[in-house]
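Remarks on the overall topology
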Number of protein chains: 2
Amino acid sequence: MSTEIEETGALARVPLTRERVLRTAVDLADRGGIESLSMRKLAQALDVVPMALYRHVAHKEELLDGLVDVVIGEIDPARTDTDWKTAMRERILSARRALLRHPWASRVMESRTAPTPVALAYMDSMIGLLRTGGFSLELTHHVLHTMGSRTFGFAQELFNDSGDSDPEAEAQMWEAMAGTYPYIYEIFSTISHDDTSVVGAGCDDQFEFEFALDLMLDGIERLKDRS
Amino acid sequence: MSTEIEETGALARVPLTRERVLRTAVDLADRGGIESLSMRKLAQALDVVPMALYRHVAHKEELLDGLVDVVIGEIDPARTDTDWKTAMRERILSARRALLRHPWASRVMESRTAPTPVALAYMDSMIGLLRTGGFSLELTHHVLHTMGSRTFGFAQELFNDSGDSDPEAEAQMWEAMAGTYPYIYEIFSTISHDDTSVVGAGCDDQFEFEFALDLMLDGIERLKDRS
DNA sequence: ACCTGAACACCGTTCAAGT
DNA sequence: ACCTGAACACCGTTCAAGT
């Protein structure tokens, strides 16, 4: 009967599993950003004492590894009915879509020191695309270095303008740029005409990502044909 | 006289300046890694109470901005006596050398949300190389997106194998790879023959960086000539 | 044997009390 | 008016005491 009361009190006291821990963590990070994801807050969201998490995850690093695995799991498998270039291109764009759904994911991926089996499997199939596509071992290796994190669908932007967008401060920066950074000013002022503001997120990130991706894929293809 | 004792006790009690704070912080990070750089430890290294730092730096974020500025300050200025391609190539390689001297720097740069004036000036002169080299505004913009952080001399490696290098665990991973990740195995086992171990840091990072850089510069040059 | 509250050893930063 | 010790509100994680 005390059991009954407990059950009612905690409603359907779902047992804590690694999967539920990870799912809740992804949710928390999606909602409040990765910096708001602490072991303590995660425990609270799961209605559990912090120490209970350590049954399913050795430490926070392992939790972060798990989050990356969840995101990689959302990437479509590689097509097997086309050439290497199309298959790689489409898969990378699928990876990019997964990362856009979880804006914290690329930063967490950067911070990992050792690849998980899931990440290794992803890499292995990517390399497989090249090898079965006729690339030599050497060229494959160079290509991997060239693509870097782009293989996982992201690239290092120069500055992550997550834009707190204080319009006053922005206008001021704008003014300063014209004088002291003429070339930056020139670019920004002409590029972002399509958007509402003169400054702001005036460029098409998707286009720019594909531009760089294709420049690399084309360059890589040329090297392959030459060898 | 009590003054005299104090002076002797603290020896040449150098006054705290922003520059001395930054220099010590760079030193600390160089020596013990960026994760060992806390406001408290920095204060201790300067033989000062933690709060004293806040006179020279508004918060830790500003300290990190300052560190990035120090590193950018070590990059050679752009040559003015060559074509855009050579000037850009050499400057990026100079930036890379600066980053190699401070292994924590690229990670700190990634974490900055807003560029400092020093970073903006660097970017402005980089863009200037392209513009005076005959690039259209549009192409210049695309190039910036393509190069991304490479402009600052670094690229996202797939995994930062800072190698704790537990040889036993490494051998085990090696064994697992052959079976479950055949393509990764194939690459690693053939590439790193030049080095001592079969695994290990068997590839020439400098070569790989330049390979990718040149692939991009060549692709960019081709686009420019076409337009 | 299992579970967990309290504690530890840290953070960055605030603020009021001291000089 | 300046300086700073103590305190605050957090962390991730250990561990011994409780059941």
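As the structure is a computational prediction, the values presented were derived from the model and not from experiment.

Scanning the entire structure with this criterion turns up 6 aromatic pairs over all chains. With a centroid separation of 6.2 Å and 40° between ring planes, the pair formed by B:Phe207 and B:Phe211 is classed as tilted. Placement of both B:Phe207 and B:Phe211 in helix 12 (residues 205-226) is noted, with a separation of 4 residues, approximately one turn of the helix. The class of B:Phe207 is partly exposed, set by a relative accessible area of 43%. Here B:Phe211 falls in the buried class, since its relative accessible area comes to 18%. When the ring centre of A:Phe209 is taken as origin, the NZ or CZ atom of A:Arg150, which lies over that ring, is 5.5 Å away. Note that B:Lys224 overlies the ring of B:Phe135, its terminal NZ or CZ placed 5.7 Å from the centroid.

Each copy of the sequence occupies a distinct position, and chain A is placed on chain B by a rotation of 180° and an axial shift of 0.0 Å, giving an RMSD of 0.0 Å. Such a combination of turn and shift is consistent with a two-fold rotation axis. Among all residues of chain A, the one whose C-alpha sits closest to the rotation axis is A:Gly219, at a distance of 3.1 Å. Comparing interface residues between copies, 100% of those in chain A also lie at the interface in chain B; the contact surface is shared.

Moving on, we come to the packing of helix 8 (residues 117-132) of chain A against helix 9 (residues 137-147) of chain A. Residue and element names in this part refer to chain A. Remark: helix 8 packs on helix 9, axes separated minimally by 10 Å, with the N-to-C direction vectors making an angle of 130°. Between helix 8 and helix 9, the crossing angle belongs to the class labelled oblique. In the crossing of helix 8 with helix 9, the sense of the turn from one axis to the other is right-handed. On helix 9, the residues touching Met123, Ile127, Leu130 and Arg131 of helix 8 are Leu137, Thr140, Val143 and Leu144. Grouping the amino acids of the contact of helix 8 with helix 9 by side-chain chemistry returns 6 nonpolar, 1 polar and 1 charged.

On the chain B side, the residues contacting the 56 residues of chain A number 56 residues. Here chain A meets chain B over a buried area of about 5,300 Å², counting both sides, of which 68% is carbon and sulfur. A salt bridge links A:Arg131 to B:Glu186; the nearest nitrogen and oxygen atoms lie 2.7 Å apart. Where chain A packs against chain B, one counts 11 residue pairs in polar contact (both at pLDDT 80 or more).

This part takes up the environment of B:Thr86. Among the structural elements, B:Thr86 can be located in helix 6 (residues 84-101). Along the backbone, B:Thr86 and B:His102 are 16 residues apart, and their C-alpha atoms lie at a distance of 25 Å.

As a further point, take the protein's contact with DNA strand D. Every residue lining DNA strand D is accounted for by A:Ser38, A:Met39, A:Arg40, A:Lys41, A:Met51, A:Tyr54, A:His59, A:Lys60, B:Arg40, B:Val49, B:Met51 and B:Arg55. The separation between a phosphate oxygen of DNA strand D and a polar side-chain atom of A:Ser38 is 3.3 Å. In the environment of DNA strand D, a phosphate oxygen lies 3.0 Å from a nitrogen or oxygen atom belonging to the backbone of A:Lys60. Broken down by element, the residue count for the surface near DNA strand D peaks at 3 residues, all from helix 3 (residues 39-45) of chain A. A per-class count over the surface near DNA strand D returns 5 nonpolar, 2 polar and 5 charged.

Taking 1.5 Å of rise per residue, the 22 residues of helix 12 of chain B would be expected to cover 32 Å, and the 32 Å separating its terminal C-alpha atoms lies within 8% of that figure. Burial in helix 12 of chain B covers these residues: B:Glu208, B:Phe209, B:Phe211, B:Ala212, B:Leu213, B:Leu215, B:Met216, B:Leu217, B:Gly219 and B:Ile220. Against the buried residues of helix 12 of chain B lie helix 9 and helix 12 (205-226) of chain A together with helix 6 and helix 9 (137-147) of chain B. Capping the start of helix 12 of chain B, B:Asp204 holds a side-chain oxygen 3.1 Å from the backbone nitrogen of B:Gln206, two or three residues further along.

Not every positive phi belongs to a glycine, and A:Asp47 is a case in point at roughly 60°. Inspection of the secondary structure assignment puts A:Asp47 in the loop between helix 3 and helix 4 (50-53).

Residue and element names in this part refer to chain A. Once the domains are mapped, chain A shows domain 1 (1-58) and domain 2 (78-226). Taken together, the 4 residues of domain 1 in the interface contact 5 residues of domain 2. A combined buried area of about 380 Å² lies between domain 1 and domain 2, and 67% of that area is made up of carbon and sulfur atoms. By the criterion of area lost to domain 2, the three top residues of domain 1 are Val26, Asp30 and Ile34, representing 84% of everything that side buries. Seen at the junction of domain 1 and domain 2, the total is 0 salt bridges. Counting the contacts that link domain 1 with domain 2 gives 2 residue pairs in polar contact (both at pLDDT 80 or more). Across the side of domain 1 that touches domain 2, the residue classes tally to 3 nonpolar, no polar and 1 charged.

To continue, consider the protein's contact with DNA strand C. In the vicinity of DNA strand C, the contacting residues are A:Arg40, A:Val49, A:Met51, A:Arg55, B:Ser38, B:Met39, B:Arg40, B:Lys41, B:Met51, B:Tyr54, B:His59 and B:Lys60. Those atoms of DNA strand C that come within 4 Å of the protein belong to sugar or phosphate at a rate of 47%. The contact in question runs from a phosphate oxygen of DNA strand C to an N or O atom on the backbone of B:Met39, over 3.0 Å. The dominant element in the surface near DNA strand C, judged by the number of residues it contributes, is helix 3 (residues 39-45) of chain B, at 3 residues. Its residues placed into classes, the surface near DNA strand C shows 5 nonpolar, 2 polar and 5 charged.

A separate point is the confidence of the model for chain A. Residues and elements named next belong to chain A. Taken over all residues, the pLDDT of chain A has a mean of 86, while the share at 70 or more is 83%. In the model of chain A, helix 1 (residues 2-9) stands out as the element of lowest mean pLDDT, 38, in contrast to helix 6 (residues 84-101), which has the highest, 98. In the model, residues 1-12 has pLDDT below 50 throughout and makes 1 contact with residues more than four positions away in sequence or in other chains. Counted against residues more than four places away or in other chains, residues 193-200, with its pLDDT under 50, gives 11 contacts.

Conventions and cut-offs
Residues numbered from 1 in each chain as written. Chains lettered and ligands numbered in written order. Predicted model: local features only at pLDDT ≥ 70, side-chain atom pairs only at ≥ 80, totals over all residues. Heavy atoms only, no water. Phe/Tyr/Trp six-rings, centres within 6.5 Å; stacked < 30°, edge-to-face > 60°. Helix = DSSP H or I, 4+ residues; strand = E, 2+ residues; numbered from the N terminus. Buried < 20%, exposed > 50% of the residue type's maximum accessible area, 1.4 Å probe, protein only. Lys NZ or Arg CZ within 6 Å of the ring centre and 35° of its normal. Least-squares fit on C-alpha atoms with pLDDT ≥ 70 in both. Contact = heavy atoms within 4.5 Å. Axes fitted to C-alpha atoms, helices over the stretch in contact; angles between N-to-C directions. Parallel < 35°, antiparallel > 145°, perpendicular 65-115°, else oblique. Left-handed = near helix turned anticlockwise from the far one by under 90°. Nonpolar A, V, L, I, M, F, W, Y, C, P; charged D, E, K, R; others polar. Buried area = accessible area lost by both parts, 1.4 Å probe. Salt bridge = Lys/Arg side-chain N within 4 Å of Asp/Glu carboxyl O. Polar contact = N/O pair within 3.5 Å; in protein donor to acceptor, adjacent residues only side chain to side chain. Near = heavy atom within 4 Å. Expected span 1.5 Å × (residues − 1). Domains from an automatic or database assignment. pLDDT = per-residue confidence, 0-100.

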